Amino acid sequence: MSKCDIKVKAIVPENIAIDAIDLTSIIANAIENADEAVRRVEEEKRSIRVTLVYDAGKLKLEVKKHLCN
């Protein structure tokens, strides 16, 4: 993984209807993809934002490449 600022916000109940290993794989893959994207910008501007929220029976994952100024 490249040198990068990563911020994570996760609001998820302890028991959800997805296997922990599957969820970990999905999140890891999304972060790896974001890491690939931020490698294309200057190191001091690299930042990734991860939001994981369980809302209305659905798990929502958002991973964004964020450029610092």
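In the block above lies the structure referred to throughout.
These numbers come from a predicted model, not from an experiment. (Residues numbered from 1 in each chain as written. Predicted model: local features only at pLDDT ≥ 70, side-chain atom pairs only at ≥ 80, totals over all residues. Heavy atoms only, no water.)

Caption draft 1: Region of interest: the overall build of the chain. Across its full length, the chain holds one helix and three strands. In the chain, the succession of helices and strands from N to C terminus is β-α-β-β. Projected onto its principal axes, the C-alpha positions of the chain cover 40 × 20 × 15 Å. Relative to its 69 residues, the chain shows a buried fraction of 20%. The contacts in the chain between residues at least 6 apart in sequence include a share of 57% that link residues at least 24 apart. Only carbon and sulfur atoms are counted for the fraction: they give 49% of the accessible area of the chain, which is about 5100 Å². Both charge centroids of the chain, one from 12 positive and one from 12 negative side chains, sit 7 Å from each other. (Helix = DSSP H or I, 4+ residues; strand = E, 2+ residues; numbered from the N terminus. Buried < 20%, exposed > 50% of the residue type's maximum accessible area, 1.4 Å probe, protein only. Contact = heavy atoms within 4.5 Å. Areas by Shrake-Rupley, 256 points an atom, 1.4 Å probe, with all protein chains shown as cover. Lys, Arg positive; Asp, Glu negative; His and termini not counted. Charge placed at Lys NZ, Arg CZ, Asp CG, Glu CD.)

Caption draft 2: How the structure looks around helix α1 (residues 20-38). Between its first and last C-alpha atoms α1 spans 27 Å; for 19 residues at 1.5 Å apiece the expected length is 27 Å, and the two agree. Of the residues making up α1, those classed as buried are Leu23, Ile27, Ala30, Ile31, Ala34, Asp35, Ala37 and Val38. What you see down the axis of α1 is that its buried residues fit within an arc of 155°, all on one side. Exposed residues pointing more than 90 degrees away from the buried face of α1 are listed as Ile21 and Glu32. For α1, the N-terminal cap is aspartate 19; the gap from its side-chain oxygen to the backbone nitrogen of isoleucine 21 is 3.1 Å. (Expected span 1.5 Å × (residues − 1). Arc of directions from axis to C-beta. Polar contact = N/O pair within 3.5 Å; in protein donor to acceptor, adjacent residues only side chain to side chain.)

Caption draft 3: Structural context of the side chain of arginine 46. For arginine 46, the position within the fold is in strand β2 (residues 46-55). Within the structure, arginine 46 has its side chain in polar contact with the backbone oxygen of valine 38 (distance 3.2 Å).

Caption draft 4: Looking closely at the pairing of β2. Two elements, strand β1 (residues 5-11) and β2, share seven bridges in a ladder whose sense is parallel. Within β2, the residue paired with isoleucine 6 across the bridge is isoleucine 48. On the question of chirality, the crossover connecting β1 to the parallel β2 by way of α1 is left-handed. (Pairing = 2+ DSSP bridges. Right-handed = clockwise from strand over helix to strand, strands pointing away.)

Caption draft 5: Representation of the pattern of salt bridges. Here the structure, examined in full by the defined rule, presents five salt bridges. As a salt-bridge pair, lysine 7 and aspartate 5 come within 3.7 Å of each other at their nearest N and O atoms. Residue classification places aspartate 5 among the partly exposed residues on the basis of a relative accessible area of 31%. The salt bridge involving glutamate 62 is made with lysine 64; its shortest N-O contact spans 4.0 Å. Given a relative accessible area of 39%, glutamate 62 falls into the partly exposed group. (Salt bridge = Lys/Arg side-chain N within 4 Å of Asp/Glu carboxyl O.)

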